[in-house]
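# Close look at the chain arrangement
Here is how the chains run, residue by residue.
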Amino acid sequence: MPSLHELVRAHTDLVEDDVTWLQLLMADWQILADLSFADLVLWLPDREGRGFWAGGQMRPTTGPTALVDDVLGTFIPTGRRRMLDEAYGSGRLVREGDPEWRDDVPVRVEVIPVRRAGRVIAIIARNTNLLGVRTPSRLELSYLQTAAELTQMIASGHFPLPGQRSDHADSPRVGDGFVRLDPAGKVVYASPNGLSAYRRLGLQGDLAGLVLTDLTRDLVPARKRPDEETLSAVLGGRDGRATEVGTDEVTLIVRSIPLRPQGDRSGALLLVRDVTELRSRDRELVTKDVTIREIHHRVKNNLQTVAALLRLQARRTQAEDAKAALEEAVRRVGSIAIVHETLSHALEETVDFDEIADRLGAMVVDVSGVELPVRVVREGSFGKLSSEAATPLAMVLTELLQNAVEHGYTDLPDRTGGRVVVTARRIVGRLHVIVEDDGRGLPDGFDLDGSTQLGLSIVRTLVESELGGILEIGPGSQGTRVQADLPVD
C-alpha cells in the first residue's frame, strides 16, 4: 500500500509543513478512534480538484470496525460523497442524519476538516458501526464527550499538539487508563483502569473530586517525582506532554492532552499506563548489557595475558622455527583480543569493523620483521558486523596481512617500501574483501588446494566453514591478490 508521502507527492499540492502536521495528527489519532469507537480515514484533496485520496486509516480498539476492507490509496471523485465535498468546501464538521448501509451494517458518518494555519489541508471521515452501539455507560459518555472536544480542536487547528506522541512504544493508550480533569486540575471522571493505576500507588477510595497534582505529591516520594514545574503542568492538565511518577514498587506514565474546543481550556485528558514490568525489564536489559561488556573486557584481558606469556616464551626459545610459531600465535591471539576490546565498549553485540581492520593493519606492520617500510591502507567500509562474524574475520584479515607483509617484501633489496591495500565493499547482502599487495607475488606453481601453510589453512577454514564464504588467491596487478566473498546480514 502507498505511504502518505507517496500519495502526497503523486496526487496533491500539500507542502512539507502540511505533511508534517498530518503525520503528527496520525501519530495521535488512535486516541480519537478509541474515544469515538469509530474508524478514521484521512482523505487528501486531489491537486486538480477531481476528488479525494485515502491517505491513512485507523481502526478502534474499543469497538467493532465499520470498515472491513482497507481503503488506503483509494480515490473518491468529487460528487460521489457529498459530505466530503461539503466539509472540505465549508471547513465545518458535517454529520449525516441517516446512517449508511455497508455490507448490511449501519454506519454513521461524520466528516471533520483538518485545519492548519487557517487552511483546510485534509478531511477525516469518522465511521461508527451502529451495531455496536448500546445505551452508553458513564465511561462511554466520558469517552464520547472527550472525542467531541478533540474533534473541534482538529477542525479549529488546535490539535495535534507538538511534543509527546502516542505512537511511541511505551506511550499510554485510552484503554490503559483514562482520567478527565476540569480546568482547575480536579478529577471529573476516571476509568476503572485509571483508578486501578492510582490505587497501586497507594490511593484509598475514589479519584473523582480530587486534585490530581496534590494527590500525586502525597502518594509519590519526592525522589520519584519529576520536578515541580513538570508535575504541575502535566498532572494539572496544562501542558501536552508525558512524565513518569511512581514509588519503589510501581511506575506510571501519565500523558496530558489539554482540551481547548473553543479556544479556552475546558480541562484535560490524561492517559495513564502502569509500566512497572516494562521498566523492570529495561533494568534487566541494562544489567545484562553491562555484564556482557564486562565479560568482553575480561576476555580481552585474559587474551592479552596469554599473548604476553607466549611472547615471553618466544624470547626464551632458542629454536628459530619455534620462536616464529610462537610470534604468529601472539598475533592471532592479539587479533581476537582487539575484537573483544571493541565489544567491551559497544552498546550492542555488533562492532564497527573498520576500526578493527585499521588496528590490525597497524599491529601487523609494527610486529613484522620486514626491514622495508610497508603501509597498510583501507579503502571502502566493512560496516557493522556481529560479534560472531567479527572474530573469525579478524583472524582472516590478520593472517592475510601477515602473509602479505612478511612473504611479499622479504629480501627485496631494490625496493624502498611497500603498500598493502585492504578493500571492503557491501553489495546486496554480501561483503567483498580484497587484500592486494605490490610485493614479489605468488611463488611459481602456487596452488591453494595443495598449500600446506598453516596460515592459509586457517584462512580457508575460517572463510569457507566459519563464515560461509568463498576464498580466491591469485596474482594481482603487481603482487598478490586475495579475495573473500562473505554473506552478511
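Rules used in this analysis
Each residue is numbered by its place in its chain's sequence as written, counting from 1. Reporting of local features is limited, given that this is a predicted model, to residues whose pLDDT is at least 70; pairs of side-chain atoms are given and counted only at 80 or more, and all residues count toward the totals for whole chains, interfaces and linings. For side-chain calculations, the full set of non-hydrogen atoms in the structure is used, while hydrogens and water are omitted. Just to be clear on terms, a salt bridge is a Lys or Arg side-chain nitrogen sitting within 4 Å of an Asp or Glu carboxyl oxygen. The helix count covers DSSP runs of H or I at least four residues long, the strand count covers runs of E at least two residues long, and both are numbered beginning at the N terminus. The rule is simple: take the accessible area with a 1.4 Å probe, protein chains only, and divide by the maximum for that residue type; under 20% is buried, over 50% is exposed, in between is partly exposed. Note on pairing: two strands pair once DSSP finds at least 2 bridges between them. Stacked, edge-to-face and tilted labels apply to pairs of Phe, Tyr and Trp rings (six-membered ring for Trp) whose centres lie within 6.5 Å, assigned for plane angles under 30 degrees, over 60, and everything in between, in that order. Orientation is described by axes fitted as lines to C-alpha atoms, over the contacting stretch for helices, and by angles from 0 to 180 degrees between their N-to-C directions. The cut-offs work like this: below 35 degrees is roughly parallel, past 145 is roughly antiparallel, 65 to 115 is roughly perpendicular, and the gaps in between are oblique. Handedness of a crossing is defined here by the sense of rotation of the near helix relative to the far one, left-handed for an anticlockwise turn of less than a right angle and right-handed for a clockwise turn. Throughout, a residue-residue contact means that at least one pair of heavy atoms, one from each residue, lies within 4.5 Å. Residues are grouped as follows: nonpolar covers Ala, Val, Leu, Ile, Met, Phe, Trp, Tyr, Cys and Pro; charged covers Asp, Glu, Lys and Arg; every other residue, Gly included, is treated as polar. Whenever a nitrogen or oxygen atom comes within 3.5 Å of another N or O atom, the pair is scored as a polar contact, on the condition that within protein one atom can donate a hydrogen and the other can accept it, and that pairs from neighbouring residues in sequence are kept only if both atoms are in side chains.

## Remarks on the pattern of salt bridges
- One pass over the structure, following the stated rule, counts 23 salt bridges.
- One salt bridge in this structure joins Asp 274 and Arg 200, with 3.3 Å as the shortest N-O distance. Of the two residues, Asp 274 is situated in strand 12 (residues 267–274) and Arg 200 in helix 5 (residues 192–200); the sequence distance between them amounts to 74 residues.
- In this structure Asp 274 comes out as partly exposed when scored by relative accessible area, which is 29%.
- Taking relative accessible area as the criterion, Arg 200 reaches 45% and is therefore assigned partly exposed.
- Through salt bridges that share partners, Asp 18, Arg 116 and Arg 119 make up one connected network.

## Let's talk about the pairing of strand 7 (residues 119–129)
- Burial within strand 7 is extensive, with 10 of its 11 residues counted as buried.
- Sheet analysis places strand 1 (residues 39–45) next to strand 7, joined by five bridges and oriented antiparallel. Across the sheet, Val 41 pairs through a bridge with Ala 125, a residue of strand 7.
- Taking the residues between adjacent antiparallel strands as the criterion, strand 6 (residues 105–116) and strand 7 are bridged by two residues, where Ala 117 takes a positive phi near 55°.

## Points about the packing of aromatic side chains
- All chains considered together, the criterion is met by six aromatic pairs.
- Their ring planes at 45° and their centres at 4.6 Å tell us that Trp 53 and Phe 75 sit as a pair that is tilted. Here Trp 53 is found in strand 2 (residues 51–58), whereas its partner Phe 75 is found in strand 3 (residues 75–77), with 22 residues between them in sequence.
- Its relative accessible area of 25% is what places Phe 75 among the partly exposed residues.
- Summarising the aromatic geometry, the rings of Phe 178 and Tyr 189 are spaced 6.3 Å apart at their centres and angled 50° between planes, so their arrangement reads as tilted. Of this pair, Phe 178 sits in strand 8 (residues 178–181) while Tyr 189 sits in strand 9 (residues 187–190), and the two are 11 residues apart along the sequence. Of the two residues, Phe 178 and Tyr 189, both sit in the buried class.

## Things to note about the sheet that holds strand 9
- Judged by pairing direction, the sheet is antiparallel, and its five strands sit side by side in the order 9-8-12-11-10 without closing on themselves. A single partner strand is all that each edge strand has here, and the edge strands are strand 9 and strand 10 (242–246). The mean angle between the axes of side-by-side strands here comes to 25°, regardless of whether they run parallel or antiparallel.
- Pairing analysis gives four bridges linking strand 8 to strand 12, with the strands arranged antiparallel.

## Quick word on the sheet that holds strand 14 (residues 374–380)
- With mixed pairing, five strands are arranged side by side in an open sheet as 14-16-17-19-18. Strands at the two margins of the open sheet, each flanked by one partner only, are strand 14 and strand 18 (470–475). Between one strand and the next, the sheet's axes are offset by a mean angle of 15°, whatever the strand orientation.
- Bridge analysis of strand 16 (residues 418–427) against strand 17 (residues 430–437) gives eight bridges, and the strand direction is antiparallel.

## Focus: unusual backbone geometry
- Between Phe 159 and the following residue, Pro 160, the backbone shows a cis peptide bond with an omega angle of 15°.
- Residue placement: Pro 160 occurs in the loop between helix 4 (138–156) and strand 8.
- Phi at Val 428 takes a positive value of approximately 45°, unusual for a residue other than glycine.
- Positionally, Val 428 belongs in the loop between strand 16 and strand 17.

## Section: the packing of helix 6 (residues 212–219) against helix 7 (residues 228–235)
- Axis separation between helix 6 and helix 7 bottoms out at 9 Å; the angle between their running directions is 135°. It follows that helix 6 is oblique to helix 7 by the angle criterion. Crossing angle aside, the handedness with which helix 6 passes helix 7 is right-handed. Contact residues: helix 6 offers Leu 212, Thr 213, Thr 216 and Arg 217, while helix 7 offers Glu 228, Leu 231, Ser 232 and Leu 235.
- A per-class count over the contact of helix 6 with helix 7 returns three nonpolar, three polar and two charged.

## Thoughts on the side chain of Thr 480
- Tracing the backbone shows Thr 480 in strand 19 (residues 480–487).
- For Thr 480, a relative accessible area of 11% puts it in the buried group.
- A polar side-chain atom of Thr 480 sits 3.5 Å from the main-chain amide nitrogen of Leu 442.
- Once you skip the residues sitting within four places of it in the chain, Thr 480 turns out to touch Val 435, Glu 436, Asp 437, Gly 441, Leu 442, Ile 473 and Gly 474.

## Describing the pairing of strand 11 (residues 251–259)
- When you tally the buried positions in strand 11, you get nine out of nine residues, the bulk of the element.
- Of the two faces of strand 11, the one lined by Thr 251, Ile 253, Arg 255, Ile 257 and Leu 259 and the one lined by Leu 252, Val 254, Ser 256 and Pro 258 are each fully buried.
- Two strands pair when backbone bridges link them, and strand 10 and strand 11 are joined in this way by five bridges, in the antiparallel orientation. Residue pairing for strand 11: Thr 243 is matched across the bridge by Val 254.
- Taking the residues that link successive antiparallel strands as the turn, the strand 10-strand 11 hairpin has four residues.

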